[in-house]
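Below are the chains, spelled out letter by letter.
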Amino acid sequence: MVHSGINVLFQGTNFMRLLLGMWTTFKIAAIAIVIGLIIGIILGILRTFHNKLLRFILRIYLEFFRIVPTVVLLFLFYYILPRQMNLHMPGTQVAMLVFALWVAAEMSDIVRGALISVPIHQKESGLAIGLTRFQLYRYVLVPQAVSLELPATINLITRVIKTTSILMLISVMDVVNIGQQIVEANNQKYPTGVFWIYGLIFLLYFLIDYPLSWWAGRLEKKRLEQTNGE
């Protein structure tokens, strides 16, 4: 009887609903990450150009998404802007849009930092042999920047996945929202079920995020060892 709360996981379709909710969470995060990374790479390259107006605009874009909490952005795009612009977007699309814009902003700073960290003599050598700006970025700067930006990029991905836990606030049927519904529906019959429901949710997030965090740590350690070796 002490552990009877675990039965709530297997009551009806509860377990499958939680897995489907996790799939919704993962799908939103994955699509937003892919779109955000592509846009962020482009913006990061643009931020290294010697155009003060362009760099100022992109800096404002970055700071906006850094300063404004993600939950506020979700409310803004889901409740306020649709009413003002007479538009209707499902919660999943709003979530993908907000997270993609956030990832793009953060990724632009990661890419910029990696590009300007490439030794100056590499840039000078590329220009000396007659490479155009496009060729310089394609064959010299970007390939070397990838190894520098990869750990930070992976950490950004884990942050995005963890932050999807707030999607229930805009009625997205993610794993947290479904878990809350199951807890409320079975609270009287399984009063300790809440621990098992949220324990499973924790485990699902852990299984996705921990390998990424471990990989990022390994890459960073390897990079530091190479740097110290040089």
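Residues numbered from 1 in each chain as written. Predicted model: local features only at pLDDT ≥ 70, side-chain atom pairs only at ≥ 80, totals over all residues. Heavy atoms only, no water.

Short version of the rule: UniProt positions are given in the numbering used here, feature names are shortened, and annotations may be inferred rather than shown by experiment.
An unreviewed UniProt entry lists the protein chain under the name Amino acid ABC transporter permease, with Companilactobacillus keshanensis as the source organism. The UniProt entry for the protein chain carries the following text under Subcellular location (unreviewed entry): "Cell membrane". Under the UniProt heading Sequence similarities (unreviewed entry), the note attached to the protein chain is "Belongs to the binding-protein-dependent transport system permease family."

**A closer look at the nonpolar core**
Which entries qualify depends on this criterion: Remark: nonpolar core denotes a set of buried residues (Ala, Val, Leu, Ile, Met, Phe, Trp, Tyr, Cys) joined through side-chain atoms within 4.5 Å. Each residue's exposure class comes from its accessible area (1.4 Å probe, protein chains only) as a fraction of the maximum for that residue type: buried when under 20%, exposed when over 50%, partly exposed otherwise. Numbering of helices and strands runs from the N terminus; a helix is a DSSP stretch of H or I covering at least four residues, while a strand is a stretch of E covering at least two. Should any heavy atoms of two residues lie within 4.5 Å, those residues are considered in contact.
Judged by nonpolar contacts, the single largest core of 59 residues is most densely connected at L18, F99, V160, V175 and I197. Among the elements that line this core, the one with the most residues is helix α4 (residues 91-117), at 15 residues. The residues contacting F99, other than those within four sequence positions of it, are A32, T70, L74, V160, T163, T164 and L167.

**Looking at the UniProt feature "transmembrane region" (unreviewed entry) in the protein chain**
Mapped onto this numbering, the UniProt entry annotates "transmembrane region" (unreviewed entry) at residues 20-46, 58-81, 87-105 and 195-216. Between the C-alpha atoms that bound residues 87-105 the distance is 24 Å, and the span itself is 79% helix and 0% strand. With 100% helix and 0% strand, residues 195-216 has end C-alpha atoms that lie 30 Å from one another.

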